[in-house]
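Observations on the three-dimensional arrangement
Chain by chain, the residues:
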Amino acid sequence: MLSRVADTIYWLARYLERSQAMLQVLRINYIASQDEQAFEGWRPLLYTYGDLTEEEITATVGDTAQVLGHLIFDRDNAVSVYNNIVQGRENARAVQDHITKEVWLSLNDYYHAIRQEDVARLVQVEDPVSGIDFLFKQGLLFAGTVQHTMPRDEGYVFLSMGKYLERALQTADIMRLKQEAFAPNTEPHHSAAGLRYLLYALFGYELYTKTYKGVITPENVLEMLVYDEDFPHSLAYSLGQLQRYCERLRDQSLPESYDHLHFLIGKAKNNVAYSSFQARNGPALAQFLQQTRSELFEVAGALNTHYFGNS
Amino acid sequence: MSENALLNSYPELANVWDEMFRAEGTRPEYRHFVAAIENLQGSEMTRKAELAKKLFLSQGVTFTVYSSGEGIEKIFPFDIIPRIINHAEWVRIEAGIKQRLRALNIFLKDIYHQQFILKDGIMPAALVYSCPQFLREMVNVDVPHDIYTHIAGVDLIRDHDGELYVLEDNLRTPSGVSYMLENRSITYRIFPDLLPKSNVLPVKDYPDLLFRNLLALGARQASEATVVLLSPGIYNSAYFEHSALARLMGIRLVESRDLIVHNHFVYMKTTKGLARVDVIYRRVDDEYIDPLVFRPDSALGVSGLYWAYRKGNVAIVNAMGNGVADDKAVYCYVPDMIRYYLNEEPILKNVPTHRLDDPEKREHVFANMERMVIKKTNESGGYGMLIGNAATEEQMADFRTAISQDPRSFIAQPIINLSSAPCYIDGVLQPRRIDLRPFALYGPSGIDIVPGGLTRVALREGSLVVNSSQGGGSKDTWVLGPSS
């Protein structure tokens, strides 16, 4: 497979996975902003997902409609959901002969959906939750179409690697965004609320209540988000999938490329699996998340150098 | 004559050759087709036209127009009434194009080597050396099998008296062949059984013939040469054609960033490392193909490609430097080339052309501008062109100034009254002007022309410009087999 094609497919998956993560975080943050007295505000999200200057953030942060508009629909914000979808579609167009027609059509539909005026209206003026849900479903449709129609060839491997690498990064980022909820000096009630929204943002709340019978403690939340191999948004799960797809590249790689990539993924996976620190130890958690992030970037760098020819 | 209202209400244009009708009724080559549609109701034709449009969209046969950074896909308008050419005429067209291509190919070999044609005074040297597409870099470069013009799309037009003329030779990167193939595949879906019953020759061999020629150019002693199609990328309006051809031939579609040159060999970057490339069918123009030799700001080319080519380590299709042979001023000398190189009389005529660097001719053209078409010698696509009878005084004055400043870059031709063909527009048959672009493939085993081509239609009423960028559409082109 051409390096450019592999690169394009991999980024296609990353853009779509990132959009899904952003939409869910925005959705949950919006609900918290309506229903939670200790709502921490939009500032952290604007730092993470926006491209505004300090003054612009101060001007925007009080107005929910403006915040959502900037993060989801703003065409001038290079990292808005809108631009992720535009990029994803452009990537799909460039590799049309390597993805199925159905996958291309689902992306094309997503693109046309996010351009509709009434969707932006729904999110900004009417009911943000319905609006975000509508967009989110387009992403689910894409994921399902990939599952249902793509041949399990090299292209699929790069699509999956992009997806799980991005997912692991998003999990680490979202945990970092909410890491105050783990801190020991946070008042218990606020801490539990923060952790609950963190679980919601990572689609883990239902599984958590079933597993831990409703008592929300930092230790249990950390256990699930980092180590639980059955939870599809945990670091352990994403890294496991990443390793699995990496191993399918073995026969289609130069031996030294494969060895390096496999080593880096294995290292990241084991560093997560064998990490041990106290959930309430703020600096240790921050350091762990930081290290995981940089190891994931090393994996991305290895893909870039060995497989995508961008040295 | 038939009783069909659709056919009877056809308004013929005065002093224009119509491909389907003549004074005494339908031309013989159209009889079969007319008999088949005679009994169709108007609504059925409309349904067929709509079906054709839907098929184009659902097959993704589109070209992309970029505005405000986002691509919008448009379909190339298709008219469902085919243009039909009888066998005898096709035999003549085929022979005429082969003759021209042989002469043009020898001309390119000659002009980049010994230049006998200049030394013998057949062509003025100044004309060649002032042509911006004459690449000094190609002088004394030996190209594989001495073939320069691997793929040519020769534009033919027909005047009011029925005579065919060659308008342009298009020897660089002619496009449109994918529409020839797609138009045919739409026709057999909307007119079931009509093609076999009408004895229409197939065009489907084009990709196989092209691929065979490309493989034959891979000089390397390998079991099979690696052939790629180099495209400028998704922003190019012909990207659909690039991906369609790559798919039909089963070769890789690459962009400039996929290729690198190392030690004068060309490689493509794959997930498995570098893989050697032997033949490049490029759809990137000469001036962009190697930033180290040509335009340094080009992002569409590959650094070092020119030297790999010179060393014979990679074959490039079409050869570089072909622009000197399809320059519109050099065009005047193609009949002379045919006589000089082949010792034959030209089968197909040239449109009478005035070079404007001759002061006498220039005065003549300025005095008769409203009866002339003025063209820039190095532009195509219907740009840089003035049609005398449709131009304003101001436009003519602008052209006069431009011509006086740089006469070498312009030519003038009498306005040819392009032939018309019936098109199904708004529920009735209306005459629209057409041309014909057959595609010729020149390989080590000879010249092949698939029977057919792209018939382009000027869809705007009264327009003489058939280019797709200027509101043109296309028709399926049927060449009938020998009558048994």
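Residues numbered from 1 in each chain as written. Chains lettered and ligands numbered in written order. Predicted model: local features only at pLDDT ≥ 70, side-chain atom pairs only at ≥ 80, totals over all residues.

Moving on, we come to the overall build of chain A. The secondary structure content of chain A amounts to 15 helices and 0 strands. Over its C-alpha trace chain A gives a radius of gyration of 20 Å, about what one expects of a compact globule, namely 19 Å for 311 residues. Its C-alpha atoms put chain A at 55 × 50 × 40 Å along the principal axes. Evaluated residue by residue, chain A yields a buried proportion of 44% over its 311 residues. (Helix = DSSP H or I, 4+ residues; strand = E, 2+ residues; numbered from the N terminus. Rg over C-alpha atoms; globule rule 2.2 N^0.38 Å. Buried ≥ 20, exposed ≤ 12 C-beta atoms within 10 Å, placed from the backbone.)

Let us look at the overall build of chain B. Along chain B, the regular secondary structure elements total 14 helices and 26 strands. Here the C-alpha radius of gyration of chain B, 23 Å, is about what a compact globule of 484 residues would show, namely 23 Å. Dimensions of chain B, computed from the C-alpha atoms along their principal axes, are close to 70 × 60 × 55 Å. Considering chain B as a whole, with its 484 residues, one finds that 44% of them fall into the buried category. Taking contacts inside chain B between residues at least 6 apart in sequence as the whole, the part at least 24 apart equals 69%. (Contact = placed C-beta atoms within 7 Å.)

All names here are of chain B. Direction of pairing for strand β12 (residues 265-270) relative to strand β13 (residues 273-276): antiparallel, over a ladder of 4 bridges. Looking across to β13, one finds that Met268 is bridged to Ala275. The turn linking β12 back onto β13 is made up of 2 residues. (Pairing = 2+ DSSP bridges.)

All names here are of chain B. Ordered in space as β11-β12-β13, the 3 strands form an open sheet in which the pairing is antiparallel. If you trace the sheet from one side to the other, it starts and ends with β11 (259-262) and β13, each paired once. Within this sheet the neighbouring strands show an average axis-to-axis angle of 45 degrees, counted without direction. Both β11 and β12 contribute to a ladder of 4 bridges, which runs antiparallel. Looking at β12, one finds that Ile260 is bridged to Tyr267. (Axes fitted to C-alpha atoms, helices over the stretch in contact; angles between N-to-C directions.)

Residue and element names in this part refer to chain B. The contact between helix α9 (residues 206-217) and helix α10 (residues 239-249) brings their axes to 9 Å, and the two run at 75 degrees. Judged by the angle between their axes, α9 and α10 are roughly perpendicular. Contacts between α9 and α10 involve Pro207, Leu210 and Phe211 on the former and, on the latter, Leu245, Leu248 and Met249. Looking at the contact of α9 with α10 residue by residue, the classes come out as 6 nonpolar, no polar and no charged. (Parallel < 35°, antiparallel > 145°, perpendicular 65-115°, else oblique. Nonpolar A, V, L, I, M, F, W, Y, C, P; charged D, E, K, R; others polar.)

Right, let's talk about the interface of chain B and chain A for a bit. Across the contact, 15 residues belong to chain B and 16 residues belong to chain A. Contributions of two or more residues to the side of chain B that touches chain A are made by α10, β10 (252-254) and β12 of chain B. Broken down by element, the residue count for the side of chain B that touches chain A peaks at 3 residues, all from β12(B). Here the side of chain B that touches chain A is composed, by residue class, of 3 nonpolar, 4 polar and 8 charged.

Moving on to helix α13 (residues 235-247) of chain A. All names here are of chain A. The end-to-end C-alpha distance of α13 is 18 Å, a good match for the 18 Å that 13 residues give at a rise of 1.5 Å each. Burial in α13 covers these residues: Leu235, Ala236, Ser238, Leu239, Leu242 and Cys246. Buried residues of α13, seen end-on, are gathered within an arc of 165 degrees and therefore sit on one face of the element. Along its buried surface, α13 packs onto α9 (154-177), α12 (218-227), α14 (255-273) and α15 (282-307). (Expected span 1.5 Å × (residues − 1). Arc of directions from axis to C-beta.)

What follows is about the environment of A:Pro188. Along the chain, A:Pro188 turns up in helix α10 (residues 188-201). Sequence separation between A:Pro188 and A:Thr217 is 29 residues; the distance between their C-alpha atoms is 9.3 Å.

Moving on, we get to the sheet that holds strand β15 (residues 315-317) of chain B. All names here are of chain B. What the 4 strands build is an open sheet, ordered β10-β9-β14-β15; its pairing is parallel. Each edge of the open sheet is held by one strand with a lone partner, namely β10 and β15. Going across the sheet, the axis of each strand differs from the next one's by a mean of 30 degrees, ignoring polarity. Note that strand β9 (residues 227-230) and strand β14 (residues 279-282) share 4 bridges and pair parallel. When the sheet's bridge partners are listed, Leu230 is paired in β14 with Arg282.

This paragraph deals with the environment of A:Val157. All names here are of chain A. With respect to the element layout, Val157 can be found in helix α9. Separated by 88 residues in the primary sequence, Val157 and Tyr245 have C-alpha atoms spaced 5.7 Å apart. Residues within four places of Val157 in sequence aside, it is in contact with Tyr245, Arg248 and Leu249.

Residue and element names in this part refer to chain A. Parsing chain A into structural domains produces domain 1 (1-150) and domain 2 (166-311). Contacts between the two partners involve 16 residues from domain 1 and, on the opposite side, 16 residues from domain 2. At the level of secondary structure, the elements contributing two or more residues to the side of domain 1 that touches domain 2 comprise α1 (3-35) and α2 (43-49). Of all the elements, α1 adds the most residues to the side of domain 1 that touches domain 2, at 12 residues. Broken down by class, the residue content of the side of domain 1 that touches domain 2 amounts to 8 nonpolar, 3 polar and 5 charged. (Domains from an automatic or database assignment.)

The next thing to look at is the packing of helix α7 (residues 117-126) of chain A against helix α8 (residues 128-149) of chain A. Residues and elements named next belong to chain A. Remark: α7 packs on α8, axes separated minimally by 6 Å, with the N-to-C direction vectors making an angle of 140 degrees. It follows that α7 is oblique to α8 by the angle criterion. In this structure, α7 crosses over α8, and the sense of that crossing is left-handed. Mapping the contact onto sequence places Val119, Leu122 and Val123 in α7 and Pro128, Ser130, Gly131, Ile132, Phe134 and Leu135 in α8. Broken down by class, the residue content of the contact of α7 with α8 amounts to 7 nonpolar, 2 polar and no charged. (Left-handed = near helix turned anticlockwise from the far one by under 90°.)

Residue and element names in this part refer to chain B. Cis peptide bonds are those with omega within 30 degrees of zero, and the linkage from Val317 to Asn318 qualifies with -10 degrees. Mapping Asn318 onto the fold places it in the loop between β15 and α12 (334-342). Backbone geometry places His145, a non-glycine residue, at a positive phi of 60 degrees. On the secondary structure map, His145 appears in the loop between α6 (125-129) and β6 (151-153). For His145, a count of 16 C-beta atoms within 10 Å gives the class partly exposed.

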